[in-house]
Amino acid sequence: MTATENVHPHEIHKFGSQAERWWDPNGEFKTLHDVNPLRLQFIQQYADLPGKRVVDVGCGGGILTEGLAKAGADALGVDLSEDLLDIADLHGLETGVNASYRKISAEQLADEQPAGFDHVTCMEMLEHVPDPASVIAACATLVKPGGMVFFSTLNRVPKAWLLAIVAAEHVLKMVPKGTHEYKTFIKPSELGQMARSVGLELQGMVGIEYSPFSKRFSLGKDIGVNYIAAFQRPE
């Protein structure tokens, strides 16, 4: 599979068609806004961001990319949806946040800039591509020796189907219907194996938990739905 083929065109269209609503903190992508501070908190436990070159793979409309830039990183967001990148660029101009964006795949960027970044992030993207292992390998190539790579995705267990699809999409309407397909979810053991196979070493993993009572997200030990993991490329 070539770099340009590791994409579902319907996924690009699905998210690109919702681009103008990406930055509405109370809209269909409220969940992304709510979990973003937690992702940054986890990343900063393992990675020093100020002055560091960081690429956000599958950046969408730039919510995490902007967060990385605000934390002092030289942040680049990459995605294959031109609509989302346009929104990311526009929002950066409006807010004055100094992040940059490119329409390029992780695999193509890895060919172009191997070991070109201090750290790499790839959030809620692996479950939306045909070959997640290819993206993981690209991320391992992109990061410098000693650098960190961060992934977040959903666990393929019945609990995740119940909460991330039935509850979040259909009952609570926290994310748009059709956002996720259960068969594409990735078990932590599978993520770990794919990462190890390309030389990445697991440093930590936590769950992103949601309380329907407080309507808030938090980091915790339960990795049964959403989880985020930190890997290091050895020196």
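Quick caveat: nothing in here was measured; it's all calculated off a predicted structure.

K.L.:
An account of the environment of Gly146 is requested, with residue identities and associated values reported.
P.N.:
In this fold, Gly146 is placed in strand 5 (residues 143-154). For Gly146 and Glu235, which are 89 residues apart along the polypeptide, the C-alpha to C-alpha distance reads 4.6 Å.

K.L.:
Report on the nonpolar core, specifying residues and quantitative values.
P.N.:
Counting 31 residues, the largest nonpolar core has Val55, Val57, Val120, Val135, Phe151 and Leu191 as its most contacted members. For this core, the secondary structure elements donating two or more residues are strand 1 (53-57), strand 2 (74-79), helix 5 (106-112), strand 4 (117-123), helix 6 (132-142), strand 5, helix 8 (188-197) and strand 8 (226-232). No other element matches helix 6, which puts six residues into this core. Within the second largest apolar cluster, 26 residues are counted, among which are Leu38, Phe42, Leu64 and Leu68.

K.L.:
Tell me about the packing of aromatic side chains, residues and numbers included.
P.N.:
Taken as a whole and judged by the stated rule, the model has five aromatic pairs. The interplanar angle of 80° and the centroid separation of 6.2 Å between the aromatic rings of Phe42 and Phe150 together place this pair among those described as edge-to-face. Of this pair, Phe42 sits in helix 2 (residues 30-46) while Phe150 sits in strand 5, and the two are 108 residues apart along the sequence. Accessibility classification places Phe42 together with Phe150 in one group, the buried group. Here a set of aromatic residues connected by ring pairs shows up, and it is made of Phe42, Tyr46 and Phe150.

K.L.:
Can you lay out the sheet that holds strand 3 (residues 100-103) for me, pointing to particular residues and giving the numbers?
P.N.:
An order of 3-2-1-4-5-8-6-7 is seen for the eight strands of this open sheet, with the pairing classed as mixed. The two strands at the open ends of the sheet, each matched to only one other strand, are strand 3 and strand 7 (216-220). On average, adjacent strands in this sheet sit at an angle of 20° to one another, irrespective of strand direction. Relative to strand 8, strand 5 runs antiparallel, the two sharing seven bridges. Looking at strand 8, one finds that Phe151 is bridged to Ala229. Sitting on the sheet, helix 4 (residues 82-95) is in contact with strand 2 and strand 3, with an inclination near 165° to strand 3. Set on the sheet, helix 8 makes contact with strand 5, strand 6 (201-211) and strand 8; between it and strand 8 the angle comes to about 20°.

K.L.:
Account for the state of the cysteines, naming residues and giving values.
P.N.:
One pass over the full model with this rule turns up zero disulfides. Cys139 takes part in no disulfide bond, and the closest cysteine sulfur to it belongs to Cys122, at a distance of 4.7 Å. When its relative accessible area of 0% is taken as the criterion, Cys139 is described as buried.

K.L.:
Tell me about the packing of helix 2 against helix 3 (residues 63-70), and please be specific about residues and values.
P.N.:
Across the interface, helix 2 lies against helix 3 with an axial gap of 10 Å and an inter-helix angle of 45°. On the basis of the axis angle, helix 2 is oblique to helix 3. You can see that helix 2 and helix 3 cross each other, and the crossing is right-handed. In this structure, helix 2 uses Leu32, His33, Asn36, Leu40 and Ile43 to contact helix 3, whose residues at the interface are Ile63, Leu64, Gly67 and Leu68.

K.L.:
Explain helix 2 to me, and be specific about the residues and the numbers.
P.N.:
Along helix 2, the largest kink reaches about 35° and is centred on Asn36; proline Pro37 follows within four residues of it. Within the span of helix 2, buried status applies to Thr31, Leu32, His33, Val35, Asn36, Leu38, Arg39, Leu40, Phe42 and Ile43. Where helix 2 is buried, its residues meet helix 3, strand 4, strand 5, strand 6, strand 7 and strand 8.

K.L.:
Tell me about the UniProt feature "binding site: S-adenosyl-L-methionine" (unreviewed entry) in the protein, and name the residues and values.
P.N.:
Here, UniProt's "binding site: S-adenosyl-L-methionine" (unreviewed entry) annotation points to Arg39, Gly58, Asp79 and Met123. If you trace the backbone, Arg39 turns up in helix 2. Excluding residues within four positions of it along the chain, Arg39 makes contact with Leu32, Met123, Glu124, Ser152 and Ile228. Leaving out residues up to four positions away in the same chain, Met123 has contacts with Arg39, Ile43, Val57, Gly58, Leu64, Phe150, Phe151, Ser152 and Ile228.

Criteria and cut-off values
Residues numbered from 1 in each chain as written. Predicted model: local features only at pLDDT ≥ 70, side-chain atom pairs only at ≥ 80, totals over all residues. Heavy atoms only, no water. Helix = DSSP H or I, 4+ residues; strand = E, 2+ residues; numbered from the N terminus. Core = buried A, V, L, I, M, F, W, Y, C linked by side-chain atoms within 4.5 Å. Buried < 20%, exposed > 50% of the residue type's maximum accessible area, 1.4 Å probe, protein only. Phe/Tyr/Trp six-rings, centres within 6.5 Å; stacked < 30°, edge-to-face > 60°. Pairing = 2+ DSSP bridges. Axes fitted to C-alpha atoms, helices over the stretch in contact; angles between N-to-C directions. Contact = heavy atoms within 4.5 Å. Disulfide = S-S within 2.5 Å. Parallel < 35°, antiparallel > 145°, perpendicular 65-115°, else oblique. Left-handed = near helix turned anticlockwise from the far one by under 90°. Bend = angle between axes of the 7 residues up to and from the residue. UniProt positions renumbered as here; feature names shortened; annotations may be inferred.

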